[in-house]
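Residues per chain, in single letters:
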Amino acid sequence: MPVFYGTEVESPLMLGTALYPSPAIMAEAFRASRAGIATVSLRREGGAGQDFHALIKGLNIPVLPNTAGCHSVREAVTTAQMARELFGTPWIKLEVIRDDDTLCPDVIALVEAARILAEDGFQVFPYCTEDLSVCGRLLDAGCEVLMPWGAPIGSGRGLNNPYGLRSVRAHFPEVALVVDAGIGLPSHAAQAMELGYDAVLLNTAVAKAGDPVAMARAMALAIEAGQLAHAANPIEARDMAAPSTPLFGMAVLG
Amino acid sequence: MSEVSILGAGVMGLTIATELAARGLKPRLIDPAGKPGAHACSWRAGGMLAPWCEAESAEPVVVRLGIDAADWWQRNGAEVTHRGTLVLAPSRDRVDLDRFARMTKEHRLVSGEDISALEPELQGRFQRGLFFERESHLNPRAALQTLRDRLAERGIGIETEGTPSGLTVDARGLSAKDELSDLRGVRGEMLVLRCPEVTLTRTVRMLHPRIPLYIVPRGEGIYMIGATMLETGGKYRVTARSAVEMLSAAYTLHPGFAEAEILELGADARPAFPDNLPRLRRRGNTLYANGLYRHGYLLSPAVARMAADYITNGTRPEFMDEDHT
């Protein structure tokens, strides 16, 4: 199971807590998913949502607060500090957004915020792009986890750039890698795990499904399948057919 | 049942009082704030009686219990506008419209031409939408005042002080959190605009990945725009971000809203249980009626009926939650 900053979590599925029809359905989806980590947004929920935070603590799994909605280094750092106080964890999913329509990470500000937070003792989970130099800079800044996007947040498009994600895996074989955002279907999540990623972070695909609980279970199964498949050392794709039954020595029946 | 005292004269308390009065009871109605007003979150509601649209995010029971709401309000003197709901999305968010259609029933797909036939001022602005013809809306403040007036005619006034006697019906909304620990506030923000330049005759919902909003016409060029849904109880002021989002949604719907006067910016917290469904709960000599969430006007008639049936006949309500503490 994935290890983040020395802590092993119980499942490679990291599930968000936003957008569910009700907290009761959210809790049920978490049970069905057996997610290892719950992510929670601080900024839009404001500082006053104790009731909701109590519900999240009631899920009894590690919480990864995030800085969703932050547009600058300063905002992100302040939000991270609030999160640390509120949830009592050094973990922070760092999001610094450049553009509201694509929710594209502002990778320049991200690296700067990651450096400040890492120096301050945070264990940073940066939401980044699959750009190798950005990933390298984030590691230089003190991150021990990288979370490149599959596709823009909430778009459900799956892995837009499997080649890029594979490169990140290949370049940083020892770093804990998470595909964060863009997952729409269980097959997308399975694909991320097949690429050798340590975990998958998703929210909308479950919360906005017609039946969030059933989708949570489907994601869990797909992630387990992808994880097993990666560990099983899958065959390479090839252009020509390769008979699975040896032809030589077959009985001649005609 | 001899004596009943209702605490709280918001939408829950007034509908229960109305149902009890219809069964020949004369409940006491106690609210320290007096007549319905800004202290009640139902004061800031949209007043949509839109059970089918709500199915997009609510459980099927909300649709079932909400179907009769429009009739109930009309029967009890409220002016209900039966013009349906128009659901629209900017063309780039078309998939949100598809999802909305998939999650709901009782609608038909409308083209740009249909949309301009329904709301001529939206001509050329939207190419596709959903029309929920059977839905309606009311003016919440006028509706609450009507219930209050009708109760007053039957001799049931709102007492601002005094202790409850007999069976107590606690309909205090989020204020009952002191006794109902699983109740939480879900923050909502709304604004009221005056914009005589724009004429819309029915509720319009605008889908958007971040900020799905609705605009309800109140007549005479006045529009209510709502409402955000935030999992936090406090801070009873509208944030700049929410105001900007609501105003830009209005502007996206019709640029004429840029010229509107802002009459009111309001925020409050809706009382909700963890499943976002209402509950009746009996504890000793108190019956709690709460958890209407974002469905105050849609579900209060059904919950009030259940409460009144329980009080008068002992009928066990569908949403009953006994506490044996």
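Nothing here was measured: the structure is a model prediction, and the numbers come from that model.

S.K.: Mind showing me how you'd approach the overall build of chain B here?
M.R.: Check the secondary structure of chain B and you find nine helices and 17 strands. Against the globule reference of 20 Å for 325 residues, chain B gives a C-alpha radius of gyration of 20 Å, in line with a compact fold. The principal-axis extent of the C-alpha atoms belonging to chain B is close to 60 × 35 × 35 Å. Within chain B, the fraction of its 325 residues that count as buried is 59%.

S.K.: Just to check I follow, could you spell out the overall build of chain A for this structure?
M.R.: When you go through chain A residue by residue, the secondary structure sums to nine helices and 12 strands. Relative to its length of 254 residues, chain A is compact, with a C-alpha radius of gyration of 20 Å against a globular reference of 18 Å. Projected onto the principal axes, the alpha-carbon positions of chain A cover approximately 80 × 40 × 35 Å. Across the 254 residues in chain A, those meeting the buried criterion constitute 52%. Long-range pairs, those at least 24 residues apart, make up 65% of the contacts in chain A between residues at least 6 apart in sequence.

S.K.: Explanation requested: the interface of chain B and chain A in the structure shown.
M.R.: It is common to give the size of an interface as the accessible area that goes away when the parts come together. Opposite the 23 residues of chain B that make contact, chain A presents 19 residues. Carbon and sulfur atoms supply 48% of the area that chain B and chain A bury against each other, a total of about 1,700 Å² over both sides. Linking chain B to chain A there are one salt bridge. The closest approach of N and O atoms between Glu-56 of chain B and Lys-208 of chain A, which form a salt bridge, is 3.7 Å.

S.K.: Just checking my understanding: could you explain the packing of aromatic side chains for this structure?
M.R.: With the rule as written, the count across this model stands at nine aromatic pairs over all chains. A centroid spacing of 6.5 Å and a plane angle of 90° characterise the contact between Phe-4 of chain A and Trp-91 of chain A, whose relative ring orientation is edge-to-face. Of this pair, Phe-4 of chain A sits in strand 1 (residues 3-4) while Trp-91 of chain A is found in strand 6 (residues 91-94), placing the two residues 87 residues apart along the sequence. Geometrically, the ring pair formed by Phe-100 of chain B and Phe-132 of chain B is edge-to-face, given 6.0 Å between the ring centres and 85° between the ring planes. In this pair, Phe-100 of chain B is assigned in helix 5 (residues 94-103) and Phe-132 of chain B in strand 7 (residues 128-132), connecting sequence segments 32 residues apart.

S.K.: In this structure, what is going on with the sheet that holds strand 12 (residues 203-206) of chain B? I would like to understand it.
M.R.: Two modes of strand pairing occur in sheets, parallel and antiparallel, and in both the strands are linked by backbone hydrogen bonds. Residues and elements named next belong to chain B. With respect to topology, eight strands assemble into an open sheet ordered 6-7-5-12-13-14-11-15, the strand pairing being mixed. In this open sheet, the two strands that pair with only one neighbour each are strand 6 (108-111) and strand 15 (261-272). Here the average twist between neighbouring strands, direction ignored, is 25°. Across five bridges, the pairing between strand 13 (residues 213-219) and strand 14 (residues 222-226) is antiparallel.

S.K.: Mind showing me how you'd approach the domain arrangement of chain B here?
M.R.: Residue and element names in this part refer to chain B. According to the domain assignment, chain B contains domain 1 (4-66 + 138-180 + 275-324) and domain 2 (85-133 + 184-272). For domain 1 versus domain 2, the separation of C-alpha centres amounts to 27 Å. At the junction of the two partners, domain 1 supplies 25 residues and domain 2 supplies 29 residues. In this assembly, domain 1 and domain 2 are joined by four salt bridges. For Asp-268, the salt bridge is made with Arg-44, and the minimal N-O distance between the two is 2.7 Å.

S.K.: Looking at this structure, I do not really get the side chain of Asp-275 of chain B. What am I missing?
M.R.: Structurally, the position occupied by Asp-275 of chain B is in the loop between strand 15 and strand 16 (279-283). At a separation of 3.1 Å, a polar atom in the side chain of Asp-275 of chain B contacts the side chain of Arg-279 of chain B.

S.K.: How do you make sense of helix 4 (residues 107-119) of chain A when you look at a structure like this?
M.R.: Given 3.6 residues per helical turn, the α-helix brings residues three or four places apart onto the same face. All names here are of chain A. Under the 1.5 Å per step criterion, the end-to-end length of helix 4 is 18 Å for 13 residues, consistent within 8% with the ideal 18 Å. Along helix 4, the residues classified as buried are Val-107, Ala-109, Leu-110, Val-111, Ala-113, Ala-114 and Leu-117. Elements in contact with the buried residues of helix 4: helix 3 (73-87), strand 6, strand 8 (104-105), strand 9 (123-128) and helix 5 (132-140). The first or second residue beyond helix 4 is Gly-121, which carries a positive phi of 95°.

S.K.: Is there a simple way to explain the pattern of salt bridges in this structure?
M.R.: Two side chains carrying opposite charge are able to pair once their charged atoms lie near each other. Residues and elements named next belong to chain A. Counted according to the given criterion, the structure contains 29 salt bridges over all chains. Taking the shortest distance from any N to any O, the salt bridge between Asp-120 and Arg-84 comes out at 3.2 Å. Separated by 36 residues along the polypeptide, Asp-120 in the loop between helix 4 and strand 9 and Arg-84 in helix 3 bring together distant segments of the chain. A residue is classified by how much of its surface remains accessible, and Asp-120, at 34% relative accessible area, is partly exposed. Given a relative accessible area of 28%, Arg-84 falls into the partly exposed group. Salt-bridge contacts for Asp-198 lead to Arg-169; the nearest nitrogen and oxygen are separated by 2.9 Å. With Asp-198 in the loop between helix 7 (186-194) and strand 12 (199-202) and Arg-169 in helix 6 (residues 162-171), the pair connects residues that are 29 residues apart, well separated along the chain. Given a relative accessible area of 12%, Arg-169 falls into the buried group.

S.K.: Any chance you could explain the sheet that holds strand 4 (residues 80-81) of chain B here in plain terms?
M.R.: The three strands lie next to each other as 3-8-4 (chain B), forming an open sheet whose pairing is antiparallel. Because the sheet does not close on itself, it has two edges, and the strands there are strand 3 (48-49) and strand 4 of chain B.

S.K.: Honestly, the pairing of strand 11 (residues 184-194) of chain B in this entry has me stumped. Any pointers?
M.R.: In regular strands, side chains alternate between the two faces of the sheet. Residue and element names in this part refer to chain B. Across the 11 residues that make up strand 11, a large majority, 10, are buried. Note that strand 11 and strand 15 share 11 bridges and pair antiparallel. Note that in strand 15 the partner of Val-192 across the bridge is Glu-264. As judged from the four bridges shared by strand 11 and strand 14, these two strands associate in the antiparallel manner.

S.K.: Any chance you could explain the nonpolar core here in plain terms?
M.R.: General note: in soluble globular proteins, nonpolar side chains tend to be found buried as a group. Counting 78 residues, the largest nonpolar core has Phe-4, Met-14, Leu-94, Val-124, Phe-125 and Leu-138 of chain A as the members making the most contacts within it. For this core, the leading source of residues is helix 4 of chain A, giving seven residues. When neighbours within four sequence positions are excluded, Leu-94 of chain A is seen to be in contact with Thr-67, Ala-76, Leu-110, Ala-113, Ala-114, Leu-117, Val-124, Phe-125, Pro-126 and Tyr-127 of chain A. The next biggest cluster of nonpolar side chains, apart from the first, holds 52 residues, and it includes Leu-25, Val-169, Leu-287 and Leu-292 of chain B.

S.K.: Explanation requested: the packing of helix 3 of chain A against helix 4 of chain A in the structure shown.
M.R.: Residue and element names in this part refer to chain A. Orientation of helix 3 relative to helix 4, taken along the N-to-C sense of each, is 35°, at an axis distance of 9 Å. The hand of the helix 3/helix 4 crossing is right-handed. Contacts from Val-73, Val-77 and Ala-80 of helix 3 reach helix 4 at Ala-109, Glu-112, Ala-113, Ile-116 and Leu-117.

So, how was this worked out
- Residues numbered from 1 in each chain as written.
- Chains lettered and ligands numbered in written order.
- Predicted model: local features only at pLDDT ≥ 70, side-chain atom pairs only at ≥ 80, totals over all residues.
- Heavy atoms only, no water.
- Helix = DSSP H or I, 4+ residues; strand = E, 2+ residues; numbered from the N terminus.
- Rg over C-alpha atoms; globule rule 2.2 N^0.38 Å.
- Buried < 20%, exposed > 50% of the residue type's maximum accessible area, 1.4 Å probe, protein only.
- Contact = heavy atoms within 4.5 Å.
- Buried area = accessible area lost by both parts, 1.4 Å probe.
- Salt bridge = Lys/Arg side-chain N within 4 Å of Asp/Glu carboxyl O.
- Phe/Tyr/Trp six-rings, centres within 6.5 Å; stacked < 30°, edge-to-face > 60°.
- Pairing = 2+ DSSP bridges.
- Axes fitted to C-alpha atoms, helices over the stretch in contact; angles between N-to-C directions.
- Domains from an automatic or database assignment.
- Polar contact = N/O pair within 3.5 Å; in protein donor to acceptor, adjacent residues only side chain to side chain.
- Expected span 1.5 Å × (residues − 1).
- Core = buried A, V, L, I, M, F, W, Y, C linked by side-chain atoms within 4.5 Å.
- Left-handed = near helix turned anticlockwise from the far one by under 90°.

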